Amino acid sequence: MSQRLSTVRGVNIEHALDGLNPAQRAAVVTEASPLCLLAGAGSGKTRVLTRRIVWRIQQGSALAPHVLVLTFTRKAASELRGRLAALGVRDQVAAGTFHSVALAQLRRRWADRTERAPTLIDRKVALLAPLAPRSRRSELSDLAGEIEWAKARMVSPEGYVAAASGAARRPPLELSDMARLYQRYEEEKRRRGLVDFDDLLAHCAQALEEDPGFAASQRWRFRHLFVDEFQDVNPVQFRLLQGWLGDRLDLCVVGDPRQAIYSWNGAEPSLLRGLAARYPTAGVVRLEDNYRSSPQVLAVADAVMVQGGRAGRPPAPLRGRLRSNRPDGPVPTLAGAATDVAEARAIARRLRLAHRPGVAWSHLAVLTRTNAQLVLLEEALGAAEIPYRVGRGAFLERPEVRDALADLREGQPGRGLAAGLADLQEALRTSAGQRSDNGADERGLHLEALVRLAREYSALDAWPTVDGLLAWLAATVGREPAEQQGDAVELTTFHRAKGLEWPVVFVAGLEQGLVPIGHAVTPSAEAEERRLFYVAVTRAQVELHCSWAERRTFGTRTLRRRPSPYLVAVEAACRVLSGGGHPADGESPGDSAQPVGVAGLISRTRTNLGAARGPAARHRPKGAPAKPSPAMAPGRPAAAIAAQADEEALCALRTWRAAAARASGVPAYVIFHDSTLAAVAAARPTSPDELLAVPGLGPVKVARYGDTLLDLLQTHRASA
Ligand code: ATP
Ligand code: MG
């Protein structure tokens, strides 16, 4: 390697290829164009993407100011910038969401043509409220979501009914009424000179297609395009991407079809799979090793996906599809709590135990399916005085942010954005000197975030202005969480956790109706929910803790809950991993392994949410062993017990299992193994506690099938 290249931008060229395996290296250096990297969670896709950027800059085949990296959330964009900065490529490379880049380009265009910029509406519901039927006012956000789906798919109001019925959409209105509402919404928007976020993408794409001058200038600016998480691209984003690309081929996309979680919102995962067919020169690279998660975490993740596979498929080898390159960790845990509040408090207790020298708060995360579930966790962590950050919130509504923006605006227009920002940074430095340094000065964190955001915007707009910044902020952080730093536990949703990782992850609220979400009624919607759970599970590097609650309060109603159907696979995998016992009951499953713990990424750890306590276990004092049934004397192997099995009871159980497997579309062994059925038939339990004492039965299975099994055995006893 020449000396000249080896010192480009102060980074040793070998740095770009350091710590990559041969397949990753090949993906970084290949000259295939476009390049499509298809690989599983934690296999290093984002790592390869960033290294490829650095490699190409160092090779001279790409110029940093002409690189554009596209992501789907601001958090992902900021992660990417962080990784690039660590590799020595600082602010030169533009990284943003499709929306933020489109808005910056459109603003420039409006200014150049001295057109008045249309007003951007950041909340569709405000415009929709007077247009929607009075009876549907409580469902405005669902109505807005449906319009967003249509616009993501480039479906017009005229084409809506056909497209929506083809996609089995179930909006709150009849499809024809929904189409009319969509039409009226578009008309009202036009009449008032407004645009919404979805329009930004379509308008920018249209301008690129129709205005060669505009297209040429944007294509001159951004010549090397990279897209992370490409499985979640939707048709209008793809059209825009093609507009930016023109007839060039300098495109690198990375993605994982098993993590496609936005189809419901209009994403089209087939765009990822079909990319190679679309571009004959395209190269496709696959990676098979996982560098994020312990073999135990991956085993659970694989079990979840395999359970959802075709019925009749053989059990997956537990160390599954992706090979883990991480040391063994503790067996994941699964816990039921009596109530949602008890679940949140148990998590707070476990977080406090997990936080110790070498394990920062920011190494811990709690993930839920919905934003609303996070509120209880906020309360529990607040009460336990655990610092946390919530992956949502109205950043622009914070008083300090509003004041700072007002100052910037008033200090203008004479001075330009850079001068205003310099003032803000100076104010921050002064206040940092004054504030106690407990890392949790929210005001300072928000202002620091504002400065970072302003820089981000400046990298996207060739001629940054205060007005441009204000509009860009409204368009981006209006819908994204505040970007804050400081040591805190991350509370966020499965969706927002995409692409991220933590040493210790709690996945909470795993109940039927939430995971999968109640409205996922079609097979494809259910499959997406399963992928979403897979995404959540694969965020964990060392420790994974799953939990659910028997009762949850919604508004004023407290409802009985059942565990998520996906927990059957989790429980089975945990049982196998912990050597066949009851992993989630009694002693910690983590204790049975000799794992490398979090602080070994970071020392040996002991974490367990505590004894899993399903409904059947709730009358037993915590930690007390279930009363063994006579057939369950310690040391008796399941085979010996099976020999005693009451053949008729066993036959009835098998018949039931076959029907249950058919009804759920899963192989019979997923419901119960033969040995478990035989043990049930032999033990003839009469209560949930006795059921729990049968080998192979954990709290999840008892919660799901316990009543049915007991009824069946009771009927059988009566007839005998
Ligand atoms: P996701 O599908 O969740 O987006 P990904 O495929 O993008 O995951 P990365 O986030 O790039 O995966 O990598 C996962 C983790 O593994 C990161 O911490 C990364 O630094 C690490 N990693 C990737 N490749 C290697 C490697 N060859 N050696 C050591 N660590 C690696
Ligand atoms: Mg990634």
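Being a predicted model, the structure only gives us computed values, none of them experimental.

Participant: If you had to explain the overall build of the chain to someone new, which residues and values would you point to?
Facilitator: The number of helices and strands found in the chain is 31 helices and 17 strands. Residues classed as buried in the chain amount to 56% of the 720 residues present. Of the accessible surface of the chain, which amounts to about 30000 Å², a share of 52% is contributed by carbon and sulfur atoms.

Participant: So, the site of ligand 1: which residues are in play, and what are the values?
Facilitator: Lining the immediate surroundings of ligand 1 are 20 residues, of which Lys45, Gln259, Arg292, Glu501 and Arg539 lie closest. Interatomic distance of 2.8 Å between a side-chain N/O atom of Gln24 and a nitrogen atom of ligand 1. Arg539 is positioned such that a nitrogen or oxygen atom in its side chain is 2.7 Å from an oxygen atom of ligand 1. Broken down by class, the residue content of the shell around ligand 1 amounts to three nonpolar, ten polar and seven charged.

Participant: How would you summarise the pattern of salt bridges if you had to cite specific residues and measurements?
Facilitator: Tallied over the entire structure, the rule returns 34 salt bridges. In this structure, Lys151 engages Asp196 in a salt bridge whose closest nitrogen and oxygen atoms are separated by 2.9 Å. Taken together, the positions of Lys151 in helix α7 (residues 140–152) and Asp196 in strand β5 (residues 194–196) put the pair 45 residues apart, joining distant regions of the chain. Among the residues examined, Asp196 registers a relative accessible area of 0% and is labelled buried.

Participant: Give me the lowdown on the side chain of Gln105, citing residues and values where you can.
Facilitator: If you trace the backbone, Gln105 turns up in helix α5 (residues 98–112). For Gln105, a relative accessible area of 4% translates into the label buried. Non-local contacts of Gln105, meaning those with residues more than four positions away in its chain, are made with Cys204, Phe214, Gln218, Phe222 and Trp244.

Participant: An account of the pairing of strand β11 (residues 333–339) is requested, with residue identities and associated values reported.
Facilitator: Within β11, five of the seven residues are buried, which leaves the element mostly enclosed by the surrounding structure. The pairing of β11 with strand β16 (residues 540–554) spans six bridges and is parallel. Residue pairing in the sheet places Ala335 in a bridge with Ser547 of β16.

Participant: Please give an account of the environment of Leu63 that cites residues and values.
Facilitator: Assignment of secondary structure puts Leu63 in the loop between α3 (45–59) and β2 (67–71). Along the backbone, Leu63 and Arg223 are 160 residues apart, and their C-alpha atoms lie at a distance of 8.5 Å. Look past the residues within four positions of Leu63 in its chain and what remains in contact with it is Arg223 and His224.

Participant: Quick rundown of the packing of α3 against helix α4 (residues 74–86)? Include the residues and the values.
Facilitator: Contact pair α3 / α4: the axes reach a minimum separation of 10 Å and the direction vectors enclose 50°. Viewed along their axes, α3 and α4 adopt a mutual orientation that is oblique. Our pair here, α3 against α4, has a crossing hand that is right-handed. Contacts between α3 and α4 involve Thr46, Arg47, Leu49, Thr50, Ile53 and Val54 from the former and Leu80, Arg83 and Leu84 from the latter. Residue composition of the contact of α3 with α4, grouped by class: five nonpolar, two polar and two charged.

Participant: Would you mind going over the packing of aromatic side chains in detail, with residue names and values included?
Facilitator: As enumerated under the stated definition, the model contains ten aromatic pairs in all. Residues Phe98 and Trp244 carry aromatic rings whose centres are separated by 6.1 Å and whose planes lie at 25° to one another, so their mutual orientation is stacked. Here Trp244 lies in helix α12 (residues 235–245) and Phe98 lies in helix α5, a separation of 146 residues in the sequence. Judged by relative accessible area, Phe98 falls into the buried class, the value being 1%. By relative accessible area, which is 2% here, Trp244 ends up buried. Put simply, the rings of Phe72, Phe98 and Trp244 pair up and form one aromatic cluster.

Participant: Give a detailed account of the confidence of the model for the chain, specifying residues and quantitative values.
Facilitator: For the chain, mean pLDDT is 81; residues scoring 70 or higher make up 80% of the total. Low pLDDT (under 50) marks residues 310–320, which in the prediction has 19 contacts with non-local residues, meaning those over four places away or in another chain. This stretch, residues 435–441, has a pLDDT under 50; its non-local contacts, to residues over four places away or in other chains, come to seven contacts.

Participant: Tell me about helix α17 (residues 373–383), and name the residues and values.
Facilitator: Turning to α17, its buried residues are Gln373, Leu374, Leu377, Glu378, Ala380 and Leu381. In this structure, the buried residues of α17 make contact with α16 (340–354), β12 (364–368), β13 (388–390), β14 (489–493) and β16. Among the residues trailing α17, Glu385 stands out with phi positive, at a value near 55°.

Participant: Summarise the nonpolar core; cite the residues concerned and give the values.
Facilitator: Counting 69 residues, the largest nonpolar core has Phe494, Leu510, Phe533, Leu567 and Val570 as its most contacted members. Non-local contacts of Phe533, meaning those with residues more than four positions away in its chain, are made with Val304, Phe494, Val507, Leu510, Val515, Tyr566, Leu567 and Val570. Cys36, Leu106, Leu245 and Leu405 belong to the second largest nonpolar core, which has 62 residues in total.

Conventions used here
Residues numbered from 1 in each chain as written. Chains lettered and ligands numbered in written order. Predicted model: local features only at pLDDT ≥ 70, side-chain atom pairs only at ≥ 80, totals over all residues. Heavy atoms only, no water. Helix = DSSP H or I, 4+ residues; strand = E, 2+ residues; numbered from the N terminus. Buried < 20%, exposed > 50% of the residue type's maximum accessible area, 1.4 Å probe, protein only. Areas by Shrake-Rupley, 256 points an atom, 1.4 Å probe, with all protein chains shown as cover. Near = heavy atom within 4 Å. Polar contact = N/O pair within 3.5 Å; in protein donor to acceptor, adjacent residues only side chain to side chain. Nonpolar A, V, L, I, M, F, W, Y, C, P; charged D, E, K, R; others polar. Salt bridge = Lys/Arg side-chain N within 4 Å of Asp/Glu carboxyl O. Contact = heavy atoms within 4.5 Å. Pairing = 2+ DSSP bridges. Axes fitted to C-alpha atoms, helices over the stretch in contact; angles between N-to-C directions. Parallel < 35°, antiparallel > 145°, perpendicular 65-115°, else oblique. Left-handed = near helix turned anticlockwise from the far one by under 90°. Phe/Tyr/Trp six-rings, centres within 6.5 Å; stacked < 30°, edge-to-face > 60°. pLDDT = per-residue confidence, 0-100. Core = buried A, V, L, I, M, F, W, Y, C linked by side-chain atoms within 4.5 Å.

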